[in-house]
Amino acid sequence: MIHVDEEQLMYTIGQAERIAADYVKQLTADWDSEVAMFPDDEYKAEKGDFFYFAFQSAKYVETRDDNYLCYGPCQVSVHSVTGECRLLSVQESLAIDPFNAR
């Protein structure tokens, strides 16, 4: 019989980023614009039990041209143990400030 330690294993930030990318891909499949995760480390964070990632339209991520900017909450959280994903609301994004923008 295999014994599993009572502590749950945690995802790494790389694993969580792949989970977030898959979640965002499924969530935005019917959007007008293709979206992409920001590759920059400044748009990846770990705070408490969550990992945070930012995404935006693929054209914006590539060019940083504001003409391609998607408006609205473009941050996703991934629980470090369960892998559960969800979009952050604007209020949550401001309160959590995952990328220390303020």
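Residues numbered from 1 in each chain as written. Predicted model: local features only at pLDDT ≥ 70, side-chain atom pairs only at ≥ 80, totals over all residues. Heavy atoms only, no water.

Enquirer: So what's going on with the layout of surface pockets? Residues and values would help.
Expert: The space that makes up the largest pocket amounts to roughly 380 Å³. Contributing to the lining of the largest pocket are 20 residues, with Tyr-43, Ala-54, Gln-75, Ser-93 and Phe-99 lying nearest its centre. Those elements giving two or more residues to the lining of the largest pocket turn out to be strand 3 (50-57) and helix 3 (90-96). Counted by class, the lining of the largest pocket contains 13 nonpolar, four polar and three charged residues. (1 Å grid on protein atoms, 1.4 Å probe; cavity = no way out; pocket = protein on both sides within 12 Å on 5 of 7 lines; lining within 4 Å. Points joined across faces, edges and corners; volume = space filled by probe spheres on them. Helix = DSSP H or I, 4+ residues; strand = E, 2+ residues; numbered from the N terminus. Nonpolar A, V, L, I, M, F, W, Y, C, P; charged D, E, K, R; others polar.)

Enquirer: Would you mind going over the nonpolar core in detail, with residue names and values included?
Expert: Within the largest apolar cluster, 13 residues are counted, with the highest numbers of intra-cluster contacts made by Ala-20, Val-24, Met-37, Phe-53, Phe-55, Val-76 and Val-78. Mapped by element, the contributors of at least two residues to this core are helix 1 (13-27), strand 1 (35-37), strand 3 and strand 4 (75-79). If near-sequence neighbours (up to four positions away) are discounted, Val-76 is found in contact with Ala-20, Tyr-23, Val-24, Met-37, Phe-51, Tyr-52, Phe-53, Cys-85, Arg-86 and Leu-87. Residues Ala-45, Ala-54, Leu-88 and Phe-99 belong to the second largest nonpolar core, which totals eight residues. (Core = buried A, V, L, I, M, F, W, Y, C linked by side-chain atoms within 4.5 Å. Buried < 20%, exposed > 50% of the residue type's maximum accessible area, 1.4 Å probe, protein only. Contact = heavy atoms within 4.5 Å.)

Enquirer: So what about the pattern of salt bridges? Which residues, and what values?
Expert: Think of it this way: side chains of opposite charge can pair up when their charged atoms draw near. Scanning the model with the defined rule gives four salt bridges in all. Here Lys-44 and Glu-17 are joined by a salt bridge, their closest N and O atoms 3.2 Å apart. Taken together, the positions of Lys-44 in strand 2 (residues 44-47) and Glu-17 in helix 1 put the pair 27 residues apart, joining distant regions of the chain. One network of salt bridges, in which partners are shared, links Glu-17, Asp-41 and Lys-44. (Salt bridge = Lys/Arg side-chain N within 4 Å of Asp/Glu carboxyl O.)

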